[in-house]
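Summary of the model geometry
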Amino acid sequence: MRSARNQGGAALLVVIALFLIILPIALLAIFGRTLQNDTFSGSYLWRAQARDAANQQMAALRSTLAQTIGTGGLLEYQASPPAWYVGNTQNVQPASASFWSGCQQNHLCQATTVTLANGTGRQSFQVLQLVTPTGVVDNTLCNPGYTAVFYNVWVQATASANPAAGSATTQAVYRACIQS
């Protein structure tokens, strides 16, 4: 009878030992997964805010572009083009990360700061902006006496506090109707 009781006690100890080993492993796995989800969510939030900053600056740059063209004609014919305009587009490939990392040093873009109004503390973004000619001209898209000239508008935003969290690049084509 004693051996049956010993076997029952031993089985109970084995079950308790397994429980004490498996429970911490399971808790660590759950915690690790939660931490991974938080990291992903944080990165997603940074990128979403970078996209918002890029979109905000895109609107401002398009407005500035309209004012500049409206008063001085084509960008390529101005005496001193704006810092964000690059007329020679053969050296410009804004789709690559290496372009954006060196565009300021190479005088191919202009930097500014965009501040988002939100409560997360992730408010300040460095924004690089660039406008290049597309080379496309069309005499049929504007009113008579005007010619349509197209420009590529590029904006890239990176979180100032956490550049490694990601960035967002937006591109648009701007049509200007210039008097012929």
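Presented here is a report on the structure given in the accompanying data block.

Rules behind the numbers
- Residues numbered from 1 in each chain as written.
- Predicted model: local features only at pLDDT ≥ 70, side-chain atom pairs only at ≥ 80, totals over all residues.
- Heavy atoms only, no water.
- Buried < 20%, exposed > 50% of the residue type's maximum accessible area, 1.4 Å probe, protein only.
- Helix = DSSP H or I, 4+ residues; strand = E, 2+ residues; numbered from the N terminus.
- Pairing = 2+ DSSP bridges.
- Phe/Tyr/Trp six-rings, centres within 6.5 Å; stacked < 30°, edge-to-face > 60°.
- Core = buried A, V, L, I, M, F, W, Y, C linked by side-chain atoms within 4.5 Å.
- Disulfide = S-S within 2.5 Å.
- Contact = heavy atoms within 4.5 Å.

**What to know about the pairing of strand S3 (residues 146–159)**
S3 sits mainly inside the fold: 13 of its 14 residues count as buried. With eleven bridges joining them, strand S2 (residues 124–138) and S3 adopt antiparallel strand pairing. Looking at the pairing, Pro133 lines up with Tyr151 of S3. Here 13 bridges tie S3 to strand S4 (residues 167–179), and the two strands are oriented antiparallel to one another. Bridge pairing in S4 links Asn152 to Val173.

**A short note on unusual backbone geometry**
Of note in this structure, His107 is not a glycine but carries a positive phi near 55°. Secondary-structure assignment places His107 in the loop between helix H2 (97–102) and strand S1 (110–115). His107 sits in the exposed class, given a relative accessible area of 68%.

**Regarding the packing of aromatic side chains**
Two aromatic rings are characterised by how far apart their centres lie and by the angle between their planes. One pass over the structure, following the stated rule, counts two aromatic pairs. Between Tyr85 and Tyr151, the aromatic rings sit 6.2 Å apart at their centres with planes inclined by 75°, giving edge-to-face as the arrangement. One end of the pair, Tyr85, is in the loop between helix H1 (2–72) and H2; the other, Tyr151, is in strand S3, and 66 residues separate them in sequence. With relative accessibility at 8%, the residue Tyr85 sits in the buried group. By relative accessible area, Tyr151 is classed as buried at 0%.

**So, the nonpolar core**
Counting 28 residues, the largest nonpolar core has Leu65, Ile69, Leu75, Val131 and Tyr151 as its most contacted members. Counting only elements with at least two residues in this core, the list comes to H1, S2, S3 and S4. Per-element accounting of this core gives the leading share, eight residues, to H1. With ten residues, the next largest nonpolar core counts Val86, Phe99, Cys103 and Leu108 among its residues.

**Topic: the state of the cysteines**
Tallying each qualifying case throughout the model produces two disulfides. Put simply, Cys103 and Cys109 are joined by a disulfide, and their sulfur atoms are 1.9 Å apart. Looking down the S-S bond of the Cys103 and Cys109 bridge, the torsion is 65°, so its handedness is right-handed. An identical accessibility class is assigned to Cys103 and Cys109; each is buried.

**Focus: the pairing of S2**
For a regular strand, the rule is simple: side chains alternate between the two faces of the sheet. When S1 meets S2, the two strands line up antiparallel, connected through six bridges. If you follow Thr115 over to S2, its bridge partner there is Ser124.

**What to know about the side chain of Thr170**
Tracing the backbone through its elements, the reader meets Thr170 in strand S4. Classification of Thr170 by relative accessible area gives buried; the value is 16%. With residues up to four places along the chain from it excluded, the contact list for Thr170 reads Ala54, Asn55, Met58, Val153, Trp154 and Val155.

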